[in-house]
Amino acid sequence: MGLSGKMDNPSLLPAHRANPLHINENQKMIHRSLFIAWVVIRLLLQPPAYAQSTTLMNPILTGFYPDPSSVKVGTDYYLINSTFAYFPGIPVFHSKDLKNWKQIGNVISRPSQMNFMGHRMTRGLFAPAISYHQGTYYVTCTLIDKGGNFVVTAKDPAGPWSDPVWLPEVRGIDPSLFFDDTRAYILYNSDAPDNKPLYSGHRTIRMYEFDPLGLKVVGDEKTLVNGGVDITTKPVWIEGPHIMKVKDWYYLYAAEGGTSVNHSEVVLRSKTVWGPYIPYEQNPILTQRDLPADRRNPITSAGHAQLVEGPDGKHYAIFLAVRPYAENYYNTGRETFIAPVEWKDEWPVINPNSKEIRYTYPVNYKEVKQRNALPQSGNFEYTLTFEKGLDPALLFLRTIDSTWFRTSSKGLTLKLKPETCMELGHPAFIAKRQQHMNATAETSLDFEARSDHEKAGLVIFQDEKHFYYVCKSVAEGRPVVQLFKSKEEGKNMELLIQQPLEKTSGTLHVRIDVQGAQCHFQYSSNGRKWSVLKDSVDATFLSTQVAGGFIGCVFGLYATSSGEATSSEASFKQLRYRGDDPVFEH
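One structure accompanies this document, and this report is about it. Source: prediction; values computed, not measured.

Definitions and cut-offs
- Residues numbered from 1 in each chain as written.
- Predicted model: local features only at pLDDT ≥ 70, side-chain atom pairs only at ≥ 80, totals over all residues.
- Heavy atoms only, no water.
- Phe/Tyr/Trp six-rings, centres within 6.5 Å; stacked < 30°, edge-to-face > 60°.
- Helix = DSSP H or I, 4+ residues; strand = E, 2+ residues; numbered from the N terminus.
- Buried < 20%, exposed > 50% of the residue type's maximum accessible area, 1.4 Å probe, protein only.
- Pairing = 2+ DSSP bridges.
- Contact = heavy atoms within 4.5 Å.
- Axes fitted to C-alpha atoms, helices over the stretch in contact; angles between N-to-C directions.
- Salt bridge = Lys/Arg side-chain N within 4 Å of Asp/Glu carboxyl O.
- Polar contact = N/O pair within 3.5 Å; in protein donor to acceptor, adjacent residues only side chain to side chain.

### Considerations on the packing of aromatic side chains
Now for step 1: Following the criterion strictly, the structure yields 33 aromatic pairs and no others.
Now for step 2: For the pair Phe396 and Phe405, a centre-to-centre distance of 5.5 Å together with 40° between the ring planes defines the contact as tilted.
Now for step 3: With a centroid separation of 5.2 Å and an interplanar angle of 65°, the aromatic rings of Phe429 and Phe461 are classed as edge-to-face. Of this pair, Phe429 sits in strand S29 (residues 428-433) while Phe461 sits in strand S31 (residues 455-463); the two residues are 32 residues apart in sequence, bridging distant segments of the chain.
Now for step 4: Classification of Phe429 by relative accessible area gives buried; the value is 0%.
Now for step 5: Among the aromatic residues, those joined into a ring-pair cluster are Phe64, Phe84, Tyr86, Phe126 and Phe550.

Spelled out as structure tokens, the structure:
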């Protein structure tokens, strides 16, 4: 009777229960025992309160969010990514469940910390790593062309973060900190021994002891890994190293094979932090390079992982991978993914139950949604308005200078600047990431050009030499809407098409619609009836495969006077975004 649950209804208890005067003490004890037994059985049969289920959805951060690093502090998770020459640098995300992420700040948020003027967009900040120790958060990173490696600290991961402390002894890239009881260490990718590589891509993992109070290295440098898992096979680009301690073992894990289709994650272990580190016989513990190229909805180039303990006590790997729309063509950059980790014979194996990285993973813990957070995974749409300032996810080129823009209830107003996005300076340009293969960005602008040098509109931008720009301007004194394509050489754009506009003043709506390998450009005077400016423009021109480098596309609000002095302004009411990838519909 206890299994049926019918004792919840008192009318179904024995009839004599209705008259307690007829029940002797023995009967009371029997009924009390039966009731307790029934309660115990009910409690045993129902699942624990914490065993609620949710589904992790990949990528957990869609779009250009490469080189993830994460740390768990109490019940909170923090995640950061590379931003290269975009500003602000190194976004900081917070989560309670490894699924729902909210950007709470940026590590490099002040020009006084650093700027990236003169850097190509694919240079700048490489592979940051975040860690925590005794109330302080640490981020280590590499400014690849000017400065080298540095560390910044904060008491609150939302910021503000300190000015960088440079680490000249750390010669290489991808530094990360490991805290082991009372000691700390910094490990990183470095040159081949004696700077004499045996083959192209021959690198080492090296380490110093680190003073976390003085923020400096201690003692001598030591090489932990030479070449990779097996130097006789000429492994390339051992990088992105981390150390974690589990039980009595120190696990050193790192990326290997380069950040493209041969990317992987490998692991070695030692009984002491200084090694020797012995590789896992079943390496790599994560890769997609051996899978059929024609598989459906492929995820490729997986690696650069960091392991973190989930809310359920199990380990998960957070790593980068890409979603190509054809072959190795992708415009969204390297994205942030997650997969479960299983321990086999005291070795961590990522994604153990499937060769392919999955788009979804069920987990047995409670989902915790983030309030007032922009969506980051699956299909979504939203409109960014500017009455409360700029969202922390928006990006500038190389630095920030608040003198040329302002926000209000009327929108975002940009002063046209002579600088263009083809150069290595700081144009009037504010952007958000393209986060889907199939994506639409749209804005409405009020702008009256005074000459054909003055232009304002919407750009889809991969780098200085790979972008399309739909804008309002004038030609021969008459208002026009134009579509330009960047040139790989020189500082001029190629005009693909232009159409006359009826009015010099008034609002113009422009839209860029990307469908994998094609871009479509439209315009409207009222935001309801749209006209085609140009359809089926080659979007592979914007891919990493064509452009090279390490970044992904962004949609930018952009206004320029093309090298000429001006006092003109352009106002953008909003930036609408919608992503609609079929893989997320199932």
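Past the structure itself, the notes keep going.
### Here's the deal with the sheet that holds strand S7 (residues 125-133)
Strand pairing in a sheet relies on backbone hydrogen bonds, with the paired strands running either antiparallel or parallel.
Now for step 1: Spatially, the four strands line up as an open sheet ordered S7-S8-S9-S10, and their pairing is antiparallel. Only two strands of the sheet have a single neighbouring strand rather than two, namely S7 and strand S10 (165-166).
Now for step 2: Pairing geometry for strand S9 (residues 148-154) and S10, over two bridges, is antiparallel. Looking across to S10, one finds that Val151 is bridged to Val165.

### With respect to the environment of Gly258
Now for step 1: Relative to the elements of secondary structure, Gly258 occurs in the loop between strand S16 (249-256) and strand S17 (264-270).
Now for step 2: With 22 residues separating them along the chain, Gly258 and Val236 place their C-alpha atoms 6.6 Å apart.
Now for step 3: When neighbours within four sequence positions are excluded, Gly258 is seen to be in contact with Val236, Trp237 and His263.

### Some words on the pairing of strand S23 (residues 347-350)
Now for step 1: Residues Trp347 and Val349 of S23 are buried on one face, and the alternating residues Pro348 and Ile350, pointing to the opposite face, are buried as well.
Now for step 2: Counted along the chain from strand S22 (residues 335-344) to the antiparallel partner S23, the turn is two residues long, and its residue Asp345 has a positive phi close to 55°.

### Considering the sheet that holds strand S11 (residues 173-180)
Now for step 1: Pairing is antiparallel in the open sheet, where four strands are placed in the order S11-S12-S13-S14. At either margin of the open sheet sits one strand with a lone partner, and together these are S11 and strand S14 (216-226). With direction set aside, neighbouring strand axes in the sheet form an average angle of 25°.
Now for step 2: As paired strands, S11 and strand S12 (residues 183-190) are joined by six bridges and run antiparallel to one another. Within S12, the position partnered with Phe179 by the bridge is Ala184.

### Remarks on the pattern of salt bridges
Charged atoms that come close allow side chains of opposite charge to pair.
Now for step 1: Taken as a whole, this structure holds 17 salt bridges when the rule is applied.
Now for step 2: With a shortest N-O distance of 3.5 Å, Lys99 and Glu367 are connected by a salt bridge. Of this pair, Lys99 sits in the loop between strand S5 (89-95) and strand S6 (102-108) while Glu367 sits in the loop between strand S24 (360-363) and strand S25 (380-384), and the two are 268 residues apart along the sequence.
Now for step 3: For Lys99, a relative accessible area of 18% corresponds to the buried category.
Now for step 4: A salt bridge links Glu569 to Arg406; its shortest N-O distance comes to 3.0 Å. Residue Glu569 is located in strand S39 (residues 569-579), and its partner Arg406 is located in strand S27 (residues 405-408); the two are separated by 163 residues in the primary sequence.
Now for step 5: Residue classification places Arg406 among the partly exposed residues on the basis of a relative accessible area of 44%.
Now for step 6: When salt bridges that share partners are traced, they join Arg171, Arg206 and Glu221 into one network.

### Description of the side chain of His520
Now for step 1: Structurally, His520 can be placed in strand S36 (residues 518-524).
Now for step 2: A polar contact of 3.1 Å, which involves the side chain of His520, links it to the side chain of Asp535.
Now for step 3: A distance of 3.0 Å separates a polar side-chain atom of His520 from the backbone nitrogen of Ser536.
Now for step 4: For His520, the contacting residues outside a window of four places in its chain are Arg511, Ile512, Asp513, Gln515, Lys534, Asp535 and Ser536.

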